[in-house]
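Residue-level structural notes
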Amino acid sequence: MALLDILVYPDPRLRDIAQKVDAVTAIEQELVSSMAETMYAAPGIGLAAIQVGVDKRIIVIDISEYRDDLLVLINPEITEQDGVQVSEEGCLSVPDIYAEVARAEKITVRHLDQSGEPAVLSAGGLLAVCIQHEIDHLDGKVFVDYLSRMKQSRIRKKLLKAGQQKSAA
Ligand code: GNR
Ligand code: NI
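An account of the accompanying structure is given in this report. Just so you know, these numbers come straight off a predicted model, no measurement behind them.

Definitions and cut-offs
- For every chain, the first residue of the written sequence is number 1, and numbering continues from 1 along that sequence.
- Chain letters start at A and ligand numbers start at 1, both assigned in the order the entries are written.
- In keeping with the predicted nature of the model, local features appear solely for residues at pLDDT of at least 70, side-chain atom pairs appear and are counted solely at 80 or more, and the whole-chain, interface and lining totals rest on all residues.
- Hydrogens and water molecules were not included; the side-chain quantities draw on all heavy atoms of the structure.
- One heavy atom suffices: a residue is near a molecule or strand as soon as one of its heavy atoms comes within 4 Å of it.
- Within 3.5 Å is the distance limit for a polar contact, defined as a pair of N or O atoms, with the added protein rule that one can donate a hydrogen and the other accept it, and that residues adjacent in sequence qualify only through two side-chain atoms.
- Each accessible area value is a Shrake-Rupley result obtained with a 1.4 Å probe; residue values ignore everything except the protein chains displayed when judging cover.
- Strands here mean DSSP runs of E at least two residues long; helices mean DSSP runs of H or I at least four residues long; both are numbered from the N terminus.
- A helix is expected to reach a length of 1.5 Å times the quantity of its residues less one.
- Under the scheme applied here, a residue whose accessible area is under 20% of the maximum for its type counts as buried, over 50% as exposed, and between as partly exposed, the area being computed with a 1.4 Å probe on protein chains only.

Okay, the site of ligand 1 next. Contacts to ligand 1 come from 13 residues, most closely from I45, Q51, L92, E134 and H137. One nitrogen or oxygen atom from the side chain of H137 is found 2.9 Å from an oxygen atom belonging to ligand 1. Protein contact buries 89% of the 380 Å² of open area that ligand 1 shows by itself. Elements represented by at least two residues in the shell around ligand 1 include exactly β4 (85–91) and α2 (125–138).

This is how it looks when you write it as C-alpha cells:
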C-alpha cells in the first residue's frame, strides 16, 4: 500500500478518459488498496483512479460514518437513473471549493467488484451523488464543469495561485 498524490484542478490529466479494466489482477488490487488508503487519509468519501494519474476505470467510495465500509467499483456503468437531487459537492482535486450540483436521485450501477465479479448496485442520496461524481472523473469531468464560466474561471485562478505558492514554499 502507498499514499498517492492527488492531482489538483486545473491539471490537464484530470481531463484524461479512463480505460476499461480487462482483468482484475494483483496490479489492480494493489492500486485499489493504495487508492483506499489515499481516500481515507485525505480524508474523502470517494476517489477515482484518474485523480491519482492512473487512467483505469476504478473507483473507491466509503460514505459510512465509521469509515469501515469500502465500496470498490470497477468499470461502473449507470444502467438506470431516476429523479433529480441538488446537493453541495466538494472534490479532493478542487480543494476548499464547494458548490451545488444537480444529479440523478436514484441510480442503478453495473460494475465489477474488488474480486472482478460482476455486480449490480442500486443507490440513492449521497451514495448516488458520490458514484456519479466519481464516474464523471473517469470521463474526464470535474464538478466545476457544471458551474458558470465565471465561477469556473475564478476557481481556476484561485487554485493556480495556491499551487504556485505551494511550489515556491
Ligand atoms: O470527499 C468528497 N466529498 C464529496 C462531497 C459531496 C459530493 C461528492 C464528494 S466526492 C469527494 C471526494 C472526491 O473528490 N472524489 O472524486
Ligand atoms: Ni472528485
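Further remarks concern α2. Here α2 spans 21 Å end to end across 14 residues, near enough to the 20 Å set by a 1.5 Å rise per residue. Most of α2 sits out of view: 12 of its 14 residues are buried. Three or more residues of α2 are buried, namely L127, A128, V129, C130, I131, Q132, H133, E134, I135, D136, H137 and L138. After α2 finishes, the residue G140 shows a positive phi value of roughly 75°.

Comment: phi is negative for the bulk of residues other than glycine, and the bulk of peptide bonds are trans. Here the residue pair Y9 and P10 is connected by a cis peptide bond, since its omega of 5° sits within 30 degrees of zero. Tracing the backbone through its elements, the reader meets P10 in the segment before α1 (26–41). Here the amide bond leading from A42 into P43 is cis, since omega sits at -10°, within 30 degrees of zero. Here P43 is to be found in the loop between α1 and β1 (46–48). In the Ramachandran plot, R67 falls in the positive-phi region, its phi being about 55° despite a non-glycine side chain. Classification of R67 as partly exposed rests on a relative accessible area of 28%. At D96, a residue that is not glycine, the phi angle is positive and equals roughly 65°.

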